[in-house]
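Understanding the architecture of this molecule
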Amino acid sequence: VQTPAGNFLTDPNFSERCGPLGLVGPTRVHRPVFPLPALPRIDYLLLSHDHYDHCGLPTLRALERTHHFRAITPLANGRLLRRAGIARDRITELDWWQRVSLAPGLEITLTPSRHWSNRLSGRRNARLWGGFYLTWNAHPTGGRSSPPLASGEKLEERAEATPDSRRVWFAGDTGYDPDLFRTIRARLGAPMLAMIPIGAYEPRWFMAPQHCNPTEAVQIHRDVGAAESLAMHWGTWQLSDEGRDDPTRALAAARIAADIRPEAFRVLAPGETIVR
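The residue count restarts for each chain, going from 1 along the sequence in the order it is written. Selection of residues for local features in this predicted model requires a pLDDT of at least 70, selection of side-chain atom pairs for listing and counting requires 80 or more, and totals for whole chains, interfaces and linings are taken over all residues. Hydrogens are left out, water is left out, and the side-chain values use all remaining heavy atoms of the structure.

1. Some remarks on the layout of surface pockets
Using a probe with the size of a water molecule, rolled over the atoms, empty space left in the structure can be pinpointed. Estimated volume of the second largest pocket: approximately 360 Å³. Contributing to the lining of the second largest pocket are 20 residues, with His 51, Tyr 52, Asp 53, Trp 116 and Leu 239 lying nearest its centre. Under the grouping applied here, Gly and all other residues not named as nonpolar or charged are polar, the nonpolar ones being Ala, Val, Leu, Ile, Met, Phe, Trp, Tyr, Cys and Pro and the charged ones Asp, Glu, Lys and Arg. Residue composition of the lining of the second largest pocket, grouped by class: 10 nonpolar, 7 polar and 3 charged. Cavity: a set of points on a 1 Å grid over the protein atoms alone where a 1.4 Å probe fits but cannot get out. Pocket: an open set with protein on both sides within 12 Å along at least five of seven lines, its lining residues, like those of a cavity, having an atom within 4 Å of a point. Grid points are joined across faces, edges and corners, and a volume is the space filled by probe spheres set on the points.

2. Considering the environment of Asp 43
Along the chain, the position of Asp 43 falls in the loop between strand S2 (6-10) and strand S3 (44-46). Residues count as neighbours in contact if any of their non-hydrogen atoms are within 4.5 Å of one another. Those residues in contact with Asp 43 that sit more than four places away from it in its chain are Gly 6, Asn 7, Phe 69 and Arg 70. N or O atoms closer than or at 3.5 Å make up a polar contact, with two conditions inside protein: a donor-capable atom paired with an acceptor-capable one, and, for residues adjacent in sequence, both atoms drawn from side chains. A polar contact is formed between the side chain of Asp 43 and the backbone nitrogen of Asn 7, at a distance of 2.7 Å. A polar contact of 2.7 Å, which involves the side chain of Asp 43, links it to the side chain of Arg 41. Put simply, DSSP marks the helices as runs of H or I at least four residues long and the strands as runs of E at least two long, and each gets a number from the N terminus on.

3. A closer look at the packing of helix H6 (residues 214-224) against helix H7 (residues 246-258)
Here an angle of 0 to 180 degrees is reported between the N-to-C directions of two axes, which are lines fitted to C-alpha atoms, with helices fitted over the stretch in contact. At a minimum axis distance of 8 Å, the contact between H6 and H7 shows a crossing angle of 50 degrees. Compared by their axis directions, H6 and H7 come out oblique. In this structure, the crossing between H6 and H7 has a hand that is right-handed. Here Pro 214, Thr 215, Val 218 and Arg 222 of H6 lie close against H7, whose contacting residues are Pro 247, Ala 250, Leu 251, Ala 254, Arg 255 and Ala 258. Looking at the contact of H6 with H7, its residues break down into 7 nonpolar, 1 polar and 2 charged. Any angle that falls under 35 degrees is termed roughly parallel, while one over 145 is termed roughly antiparallel, one within 65 to 115 roughly perpendicular, and all others oblique. For a crossing to be left-handed, the near helix must be turned anticlockwise from the far one by less than a right angle; the clockwise case is right-handed.

4. What about the side chain of Asn 77?
The topology assignment puts Asn 77 in the loop between strand S4 (70-74) and helix H2 (78-83). The cut-offs for exposure are 20% and 50% of the maximum accessible area for each residue type, with area from a 1.4 Å probe on protein chains only; residues under the lower value are buried, those over the upper are exposed, and the others partly exposed. Under the relative-accessibility criterion, Asn 77 is labelled buried at 0%. In contact with Asn 77, other than residues within four places in its own chain, are His 49, Asp 50, Glu 93, Arg 127 and Leu 128.

If you want it as structure tokens, here you go:
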């Protein structure tokens, strides 16, 4: 995500496998569009949780050698980032709903998600997980960042009160919850752009508590009130039972069933860019 306030990279893993030491675990089924040296300057790293497909330590070490970024992550993930060589004073750990101001007019809030954490270097659920809600000024020298909704304040009033703010929500990994995403909207406002996962959802008896399916992703899009959403978390690693392209086909069907325009919840081709 490139903004006037800086460039953000989320959950990077450029390895061939996502697993311990890069020796075991699922193999990539789609190569990175850009090699690491071709990335633009990375100012901020957003690490949502410790699972291997989201947190590749070799990738983080390579990025650290080139980019002097600041890392924002949920509680107890700092030690993991320090293993990748990132200095303690450039790591910010947040609890759910905690907010950090990174620069004038730039704020990030850690949002809850319905997921879990675990890797060989820690106990199950010993590290927190979540998503990130970014707010920045379209014009960094002026305007206001978006505070939480006051009691009785309406979302429509928020949009009129902060015309220069931009709001982007990266959901992280999450199952569906009938209250959670409405709460995010009520507390932080409806995002202009949401990045919502659509893959790794079969079989449902096992995956439903941790990964939403495309129909639930559409409901998350509606619950959080996103003006526009982008599909993510599909097609890179074969993590579950559905086929690689099944999530995108299921999302198209779910959009039709919910009467949502295709441009309101997009699937980008690898390497495709949108500008807003």
